[in-house]
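Residues per chain, in single letters:
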Amino acid sequence: MKLIVLLFVLYSSVLFAQVNIDECKKCHGEKFEKIAYGVSEIVKNMSKLEIEKALLAYKSGKRDKYGMGLIMKLRTRFYKVNKLKEIAKKIGR
Ligand code: HEC
């Protein structure tokens, strides 16, 4: 029983560590309530799907809405597609 609990704790902390959105907050605000660099949408007002689409497009270099897409491309390329979807679910409304 103890082992199962321990494994679960380990597993969830790994999951947690992988979705590290602290970095995003520097630009998008603690609750994603800021307009990053004075251009972006307020991310917390975007839907989960919108965010997911935006992040995947940044990752593949297809999105550059305000001429700062490169900033997001450099961030999103380190995340796997599944992680980006997870992040979108976490921060979208
Ligand atoms: C260095 C600052 C910075 C960091 C860090 C950053 N972003 Fe951004 N983000 C921006 C800028 C600037 C834009 C607008 C890019 C453009 O021109 O399309 C943007 C755009 C976005 C958009 C689309 C908003 C729109 O207006 O369509 C989403 C969603 C987003 N970021 C989420 C994230 C997430 C999630 C992270 C963390 C993995 C992150 N950002 C990290 C600066 C940042």
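Scroll up to find the structure this text is about.
Residues numbered from 1 in each chain as written. Predicted model: local features only at pLDDT ≥ 70, side-chain atom pairs only at ≥ 80, totals over all residues.

What follows is about the overall build of the chain. Broken down by element type, the chain carries five helices and zero strands. Scanning the chain from its N terminus toward the C terminus, one meets helices and strands in the order α-α-α-α-α. Burial analysis of the chain (93 residues in total) assigns 12% to the buried set. For the chain, contacts bridging at least 24 residues in sequence account for 58% of all contacts bridging at least 6. (Helix = DSSP H or I, 4+ residues; strand = E, 2+ residues; numbered from the N terminus. Buried ≥ 20, exposed ≤ 12 C-beta atoms within 10 Å, placed from the backbone. Contact = placed C-beta atoms within 7 Å.)

Our next topic: the packing of helix H3 (residues 48-59) against helix H4 (residues 69-76). The contact between H3 and H4 brings their axes to 7 Å, and the two run at 90 degrees. As summarised for this structure, H3 and H4 are arranged roughly perpendicular, according to the angle between their axes. Two secondary-structure elements touch here, H3 through Leu 55, Tyr 58 and Lys 59 and H4 through Gly 69, Met 72, Lys 73 and Thr 76. Residues belonging to the contact of H3 with H4 are distributed by class as follows: three nonpolar, two polar and two charged. (Axes fitted to C-alpha atoms, helices over the stretch in contact; angles between N-to-C directions. Parallel < 35°, antiparallel > 145°, perpendicular 65-115°, else oblique. Nonpolar A, V, L, I, M, F, W, Y, C, P; charged D, E, K, R; others polar.)

Let us look at the site of the ligand. What surrounds the ligand is a group of 27 residues, the closest being Cys 24, Cys 27, Glu 41, Lys 65 and Tyr 66. For the shell around the ligand, the secondary structure elements donating two or more residues are helix H2 (22-28), H3 and H4. In terms of residue class, the shell around the ligand is made up of 16 nonpolar, four polar and seven charged. (Near = placed C-beta within 6 Å.)

Scope: geometric values only; no functional claims are made or implied.
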